[in-house]
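Letter by letter, the chains look like this.
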Amino acid sequence: MIAFDEAHAAVHYPADRRFRIWIRPSLLAAVGMTLLALIAAAWIELAVAGMPHIPPVPQVYPNDFSGPHGFPLWVRYCHFFNFVFLMMLIRSGLSILADHPRLYFNDDCTPGSEWIRFTPIKVPRDRIWTAKDDARYLSPIIGTPGYRHTIGIARAWHFINVHGFIFTGILFVAMLFDTEQWKRLVPTSSLVLVQAWNTWVHYATFHLPPEPNGFYGYNALQQIAYFAVVFVFGPLAIFTGIAMSPAVVNRFPWYARIFGGRQSARSIHFLTMLSFFAFIVVHVTLVVMTGFARNMNHIVLGTDDRRPLGMMLGFAGIAVVALSWIAAHYISWRHPRALQHAQKFVTYPMQLATLNRLVPQQHYTEQDISPYMWPNGKMPTRSDWKVLAEGGFRDFRLKVGGLVERPVELSLADLEKLGATEQITMHHCIQGWSGIAKWGGISMKALIELVRPTATAKTVAFFSFGDALYGDAYYDTQSIENVLKAQCLLASRMNGQPLPELYGAPLRLRVENQLGYKMVKWIERIEFIESEKQIGKGEGGKNEDDEYFDLLPNI
Ligand SMILES: Nc1nc2c(c(=O)[nH]1)N[C@H]1C(S)=C(S)[C@@H](COP(=O)(O)O)O[C@H]1N2
Ligand SMILES: [Mo]
């Protein structure tokens, strides 16, 4: 175990590290019944009609075989690197999932409406239970970086590796179609379905079907499985990943709807991971069972013989992958800042050029407003905030200063006079949950026009009355350019009521193209500055400083 100090141990290594999975019984029954039905059908066919016929494996004469065969170097490289990246994505993805260990098919994420949860806890309704309280511990043997609430680091691994995953995928598919190799994967006759079923009847009744030499071709079920991995699971993982981006979903709400909504996309993202995982388990089992040494030579060396060399190199390759997890663990805990900066180096310029250009324009209806909204953050404990709260924030004055021509102190009523607007938008928390609410307040644009930032001001910092996870005041920053976009509000109302204390009274930020942690609650003052580097630890906010979150979370 990492040597955490007391405050970090309380967050990352809590006393309650139980692991439980609960799945909605009706769903479990439906999946179980479907599987049983498929297996039963295979046994019935065997009993009634006998083992279905699979055409004999053609005799292959290596010297005059014309179709695509063998595994060229690029296939073997892509196969290995895909494994490296995919395992990192799965491991870091599990760490991300543990931070909000519930999956839904509805966008409000009301506790109890999940179809699966990875926590023994039912959300208590008699006290405040924040999304952070709900995060679960995950063993670092299973997740990268593992432990509890390590989503910042997990995302760094996820987003660095996804570039490798996508690059490998594109290279592989491009080469596939540039050569004849695509014919191995893409079924060209509908007969493949019949043959796949016949193959299934063999497996499901514990018989090995006649085994074609994988150097030249695959059996029908194998072909469909490989095709699905490359042409279904891969793209689905990528496209559902994009459907979790607040910048994309707030600009193009229809995009999330393709997948049944934002949370449904998250669930499908998870199910795709499960499919990859299940594929790997079955694939490896069959590679071992159907001529291990020879199969390994195919994919490692590109030769079709029975020497043990491919197998040995294969084991070495697997050892290298396992070492990469240990290295990732070490980097996560010894050099988290360097890792955070590495991710920024990879993603920040590209996000500025792409996702960050999307201007939020989301208009949900009153009916879409979520019946439940997960709260996050620590309620302020400062006595001045409590006094203000008791007085209904009538004595609250928002201080706006720094690099501005006209510093001001404004009451909630003064703010209202700048022109209040309303919007119904979806909140995306980094942890994975979402919720739709109606927010009322003044646009940051109106405030900026009032205070007139000087030419050197590029950044605006929001300071909270509330403390952050590890103490000290919570704060976060935005580029002025971003808060000038539509739907960036200083909100003082929620769902037609004055902003409730739990949700950030007297004022909170709404930045709809970014994740929730950028939306400071319980705002005390606002300061215009040159750069985020001048305040805190210089990373752009309390979570960025202490939890290695991204400066620009458009995804
Ligand atoms: N002051 C302060 N503001 C904060 C936080 C916090 O911890 N302290 N948490 C952020 C996070 S992570 C989220 S998701 C949203 C949650 O907003 P909600 O409680 O209204 O759902 O508030 C953000 N603002
Ligand atoms: Mo969040």
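Since the structure is predicted, the reported quantities are computational estimates derived from the model, not experimental observations.

## Notes on the pairing of strand β8 (residues 420–428)
Moving on, step 1. Strand direction decides the pairing type here: β8 and strand β9 (residues 434–443), joined by nine bridges, are antiparallel. When the sheet's bridge partners are listed, H428 is paired in β9 with S434.
Moving on, step 2. Between β8 and β9, which pair antiparallel one after the other, the connecting turn spans five residues, and G432 there sits at a positive phi close to 125°.

## Some remarks on the domain arrangement of the protein chain
Moving on, step 1. Partitioning the protein chain into structural domains gives domain 1 (16–355) and domain 2 (362–546).
Moving on, step 2. Using C-alpha coordinates to define each centre, domain 1 is positioned 39 Å away from domain 2.
Moving on, step 3. Note on domain 1 versus domain 2: buried area summed over both sides is about 2,700 Å², and carbon and sulfur give 54% of it.
Moving on, step 4. The tally of links between domain 1 and domain 2 comes to one salt bridge.
Moving on, step 5. Between R337 and E539 there is a salt bridge whose closest N-O contact spans 3.8 Å.
Moving on, step 6. Counting every contact that joins domain 1 to domain 2 gives 16 residue pairs in polar contact (both at pLDDT 80 or more).
Moving on, step 7. Of the residues in the side of domain 1 that touches domain 2, the class split is 15 nonpolar, nine polar and 13 charged.

## Examining the sheet that holds strand β10 (residues 459–467)
Moving on, step 1. In space, the five strands of this open sheet follow the order β7-β6-β15-β10-β11, with mixed pairing throughout. Each edge of the sheet is formed by a strand with only one pairing partner; in this case those strands are β7 (408–410) and β11 (473–479). On average, each strand axis in the sheet is inclined to that of its neighbour by 20°, with strand direction left out of account.
Moving on, step 2. As paired strands, strand β6 (residues 398–402) and β7 are joined by three bridges and run antiparallel to one another. Residue K399 lies in a different strand from β7, and its bridge partner there is E409.
Moving on, step 3. Sitting on the sheet, helix α17 (residues 444–451) is in contact with β6, β7, β10 and β15 (523–529), with an inclination near 135° to β7.

## Considering the packing of aromatic side chains
Moving on, step 1. Enumeration according to the criterion identifies 32 aromatic pairs in this entry.
Moving on, step 2. A ring pair is formed by Y137 and Y147, whose centres lie 6.1 Å apart and whose planes are at 75°; its orientation type is edge-to-face. Taken together, the residues span a long stretch of sequence, with Y137 in strand β4 (residues 137–138) and Y147 in strand β5 (residues 147–148) at a distance of 10 residues. Pair check on accessibility: Y137 and Y147 agree, each one buried.
Moving on, step 3. Taken together, F4, Y13, Y137, Y147 and W333 form an aromatic cluster joined through their ring pairs.
Moving on, step 4. R17 extends its terminal NZ or CZ atom over the ring of Y13, reaching a point 4.1 Å from the ring centre.

Thresholds, definitions, all that
Residues numbered from 1 in each chain as written. Chains lettered and ligands numbered in written order. Predicted model: local features only at pLDDT ≥ 70, side-chain atom pairs only at ≥ 80, totals over all residues. Heavy atoms only, no water. Pairing = 2+ DSSP bridges. Helix = DSSP H or I, 4+ residues; strand = E, 2+ residues; numbered from the N terminus. Domains from an automatic or database assignment. Buried area = accessible area lost by both parts, 1.4 Å probe. Salt bridge = Lys/Arg side-chain N within 4 Å of Asp/Glu carboxyl O. Polar contact = N/O pair within 3.5 Å; in protein donor to acceptor, adjacent residues only side chain to side chain. Nonpolar A, V, L, I, M, F, W, Y, C, P; charged D, E, K, R; others polar. Axes fitted to C-alpha atoms, helices over the stretch in contact; angles between N-to-C directions. Contact = heavy atoms within 4.5 Å. Phe/Tyr/Trp six-rings, centres within 6.5 Å; stacked < 30°, edge-to-face > 60°. Buried < 20%, exposed > 50% of the residue type's maximum accessible area, 1.4 Å probe, protein only. Lys NZ or Arg CZ within 6 Å of the ring centre and 35° of its normal.

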